[in-house]
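Listed below, chain by chain, are the residues.
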Amino acid sequence: MFIIDAHLDLATNAITLNRDLTKPVHEIRDKEKQLNWKDTQDRGNGTVALPELRKGNVGLVVATIISRYSAAGNPLATLNLPVWHSPAQAYAYGQAQLAWYKVMEEMGEMVQINNWSAIEKHLALWHDATIPNNKKPVGYILSLEGADSIINLSYLEKYYQQGLRAIGPAHFGPGRYAAGTHSDGSGLTLIGKELLREMDRLNIILDATHLTDKGFFEAMDTFNGSVWASHQNCRTLVPGERQFSDEQIKIIIERDGVIGGALDTWMLHADFEMGKDHPKDLGINLEKLVDHFDHICQLAGSCLHIGFGTDLDGLFGTEQTPYDMDTIADIVQFKEILTRRGYTKENIDNIFFGNWLRVIKKAWT
Ligand SMILES: [Zn+2]
């Protein structure tokens, strides 16, 4: 079994939340409970660390850098993440996150994947049954969630040299390049359109997640390269601007992109209220994600446009994760769940890794 998770905020957990992801999930949880940390809702509830990724056969992830800029008065400050007062500071903080990925590489914990031959080599390693998973580095494709830290387009080039291969221009609220979730009505900025044209030139994948509806359609008109929506569920099933309408899903399908199913209960159940409901009370289990998969497959007429972009530990933990998932290692349960729901072995291989690889191959070869 080999699984790709196309959206994990590993460096945010390491650098912003001070989690040592080389340790098992339960050790990280225990430490936070001992310290009685209460600064974020997910303290003591984390689900992701490198040992559990290996245990769950998640051998390749799209791993983010998140570093935000805000002009004075920007409502972004409400999210539990630092908000920098200049793009220069945001870039420097992004570099701190990159430095953590680099140290993980030096320790043999992770390996950066930024070209097709590196993927082939990495897949061969993960398919070698003579080497146990705990001796295999987790591959990562570097991505930006929110592009604020790109000081100007010359820094896009720098980031590219550092291995950056995917960008979601938007995150939450206003952004320098694109408006994000909770700022519906706004779209791409002027420099946002320039950014997309440069991304096109460098074959950087566009991550459409977190774009506003307006920004989404502007981006699809401006950008000709490969697209995906790394962590994204369906609006038909869970109303709200954070989810994609059927029209948006169809556009991603037409562009031969992939939509990554997210395991944040807020995106899985229409009635879930953050900080109030418990996933178990609403019966939110892993299978709820398959409803979103089914919906996208019906629109596509195939299973070629879905995958995992779990977003686990994306500023939430078990308090906002399907109740039958203790750690990300439980992602292997999807094999049984999908089989029971009628997906074939070939479908499951495509969902686990094949669909993401198709988009990456197209962008990189
Ligand atoms: Zn996100």
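Everything quoted here is computed from the prediction, not taken from an experiment. (Residues numbered from 1 in each chain as written. Predicted model: local features only at pLDDT ≥ 70, side-chain atom pairs only at ≥ 80, totals over all residues.)

1. Overview of helix α12 (residues 345-364)
Because each turn of an α-helix spans 3.6 residues, side chains separated by three or four positions in sequence point in the same direction.
Consideration 1: Its 20 residues place the ends of α12 27 Å apart at the C-alpha level, agreeing with the 28 Å of an ideal helix rising 1.5 Å per residue.
Consideration 2: Of all bends in α12, the biggest is about 60°, found at Ile351.
Consideration 3: If you check which residues of α12 are buried, you get Asn347, Asn350, Ile351, Phe352, Phe353, Asn355, Trp356, Val359 and Ile360. (Helix = DSSP H or I, 4+ residues; strand = E, 2+ residues; numbered from the N terminus. Expected span 1.5 Å × (residues − 1). Bend = angle between axes of the 7 residues up to and from the residue. Buried ≥ 20, exposed ≤ 12 C-beta atoms within 10 Å, placed from the backbone.)

2. Overview of unusual backbone geometry
Consideration 1: Positive phi values are uncommon outside glycine, yet Asn18 reaches one of about 60°.
Consideration 2: One non-glycine residue with positive phi stands out, namely His182, at about 75°.
Consideration 3: Take His182: it is sitting in the loop between β7 (164-168) and α7 (190-202).
Consideration 4: Taking the C-beta count within 10 Å as the criterion, His182 has 17 such neighbours and is therefore assigned partly exposed.

3. Description of the nonpolar core
One broad trend across soluble globular proteins is that nonpolar side chains are buried collectively.
Consideration 1: By size, the foremost hydrophobic cluster in this structure holds 98 residues, and its most contacted members are Val61, Ala63, Tyr140 and Leu206.
Consideration 2: Ignoring any residue separated from it by four or fewer positions in sequence, one finds Ala63 in contact with Leu8, Leu10, Ala11, Tyr101, Tyr140, Leu142 and Ser143. (Core = buried A, V, L, I, M, F, W, Y, C linked by C-beta atoms within 7 Å. Contact = placed C-beta atoms within 7 Å.)

4. Comments concerning the packing of helix α6 (residues 153-161) against α7
Between two packed helices, the angle of one axis relative to the other and the distance separating the axes together describe the packing.
Consideration 1: The interhelical angle for the contact between α6 and α7, taken along N-to-C directions, is 35°, at an axis separation of 10 Å. In the crossing of α6 with α7, the sense of the turn from one axis to the other is right-handed. Two secondary-structure elements touch here, α6 through Leu153, Leu156 and Tyr160 and α7 through Glu194, Leu195, Glu198 and Leu202.
Consideration 2: Looking at the contact of α6 with α7 residue by residue, the classes come out as 5 nonpolar, no polar and 2 charged. (Axes fitted to C-alpha atoms, helices over the stretch in contact; angles between N-to-C directions. Left-handed = near helix turned anticlockwise from the far one by under 90°. Nonpolar A, V, L, I, M, F, W, Y, C, P; charged D, E, K, R; others polar.)

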